[in-house]
Amino acid sequence: MPSWEEHWSEHAACREEDPEELFVQGNTQQSRAKAVCTSCPVRTECLAEALDHRIEFGVWGGMTERERRALLRRRPEVLSWRQVLDDARRTQNQPRAS
């Protein structure tokens, strides 16, 4: 099971990308930026960083600023997105009983 990556940005799929391509407006450009996140090994860590620190701009962890704001509004009780996402990943990776 993958563990939480503390230095996640070193492993991010976007580390070689032009940052200007990740901080774009409009659905087409944002869709291209989100595509970089699709196979990123640290997508969860990136998203948690953006949510926990209320980062307003850019695509982080495959979510646009609008998508993150909507999620934050739906779940105002969450104090640590890192914990929520890590718990979800752990649950998802557990073997299923037959």
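Our subject is the structure that appears above.
These notes cover the structure that comes with them. The structure presented is a predicted model; accordingly, all values stated were derived computationally and were not measured.

Another point: the nonpolar core. One finds Leu47, Ala48, Leu51, Met63, Leu71, Leu72, Val78, Trp81 and Leu85 forming the largest nonpolar core, which totals nine residues. Elements with a minimum of two residues in this core: helix H2 (43–52), helix H3 (65–74) and helix H4 (81–93). A total of three residues in this core trace back to one element, the largest contributor, which is H2. Residues in contact with Trp81, not counting those within four places in the same chain, are Ala48, Leu51, Asp52, Arg54, Leu71, Leu72 and Arg75. Counting seven residues, the second-largest nonpolar core is a separate cluster that includes Ala12, Val42, Ala50 and Trp60.

With that out of the way, let us pick up the pattern of salt bridges. Under the counting rule described, the total for this entry stands at five salt bridges. Residue Lys34 pairs with Glu67 through a salt bridge whose shortest N-O separation is 2.8 Å. One end of the pair, Lys34, is in helix H1 (residues 27–37); the other, Glu67, is in helix H3, and 33 residues separate them in sequence. Across the pair Glu77 and Arg75 runs a salt bridge whose closest N-O atoms are separated by 2.7 Å. Of the residues examined, Glu77 reaches a relative accessible area of 49% and is grouped as partly exposed. Overlapping salt bridges, with partners in common, bring together Asp86, Asp87 and Arg90 in one network.

About the thresholds
- Residues numbered from 1 in each chain as written.
- Predicted model: local features only at pLDDT ≥ 70, side-chain atom pairs only at ≥ 80, totals over all residues.
- Heavy atoms only, no water.
- Core = buried A, V, L, I, M, F, W, Y, C linked by side-chain atoms within 4.5 Å.
- Buried < 20%, exposed > 50% of the residue type's maximum accessible area, 1.4 Å probe, protein only.
- Helix = DSSP H or I, 4+ residues; strand = E, 2+ residues; numbered from the N terminus.
- Contact = heavy atoms within 4.5 Å.
- Salt bridge = Lys/Arg side-chain N within 4 Å of Asp/Glu carboxyl O.

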